[in-house]
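One-letter residues, chain by chain:
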Amino acid sequence: MPNQVNFCRIDDVTLGGAVAAPSNLQAEAGATTVSLSWSPPGGKAPDRYDIYRDGEQVASVTGTAYKDTGLMGSTAYQYQVQAVRGAGISQTADLTVQT
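Residues numbered from 1 in each chain as written. Predicted model: local features only at pLDDT ≥ 70, side-chain atom pairs only at ≥ 80, totals over all residues. Heavy atoms only, no water.

(A) Examining the pattern of salt bridges more closely. This model, assessed by the stated rule, comprises 2 salt bridges. We note a salt bridge from Arg48 to Asp50, for which the minimum N-O separation is 2.9 Å. Residue Arg48 is classed as partly exposed on the basis of its relative accessible area, which comes to 33%. Residue Arg53 pairs with Asp68 through a salt bridge whose shortest N-O separation is 2.7 Å. With Arg53 in strand β3 (residues 48–53) and Asp68 in strand β5 (residues 65–68), the pair connects residues that are 15 residues apart, well separated along the chain. Here Arg53 falls in the partly exposed class, since its relative accessible area comes to 23%. Judged by its relative accessible area of 2%, Asp68 falls in the buried class. (Salt bridge = Lys/Arg side-chain N within 4 Å of Asp/Glu carboxyl O. Buried < 20%, exposed > 50% of the residue type's maximum accessible area, 1.4 Å probe, protein only. Helix = DSSP H or I, 4+ residues; strand = E, 2+ residues; numbered from the N terminus.)

Structure below.
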């Protein structure tokens, strides 16, 4: 019986391990907007950052800033920012902001 050899492409394998969380999450609130900014985690850069408002994802961005618009005035919002690289995701950086 011949030997069977299985192959996989290296492109199909996610390398790199754990992803560190973004740090220094800051916000600037307007009457109906919130501008977020943060510092990237150390090590290899994430592919993207997922932004959550009150537990629901509202955006994915590749930079370290996001502006949320069309919000209700005089309202508190809870934001989370999570770094994503391949199949790895970080813990969230959290911040509550009042418009």
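(B) Main features of the nonpolar core. In terms of nonpolar packing, the biggest core is built from 17 residues, with Leu36, Trp38, Tyr49, Ile51, Tyr66 and Tyr79 touching the most fellow members. Elements with a contribution of two residues or more to this core: β2 (34–39), β3, β4 (56–61), β6 (76–85) and β7 (88–98). With 4 residues, the single largest contributor to this core is β6. Leaving out residues up to four positions away in the same chain, Leu36 has contacts with Leu25, Gln26, Ala27, Ile51, Thr64, Ala65, Tyr66 and Tyr79. (Core = buried A, V, L, I, M, F, W, Y, C linked by side-chain atoms within 4.5 Å. Contact = heavy atoms within 4.5 Å.)

Geometric descriptors of this kind do not, in isolation, establish any biological role.
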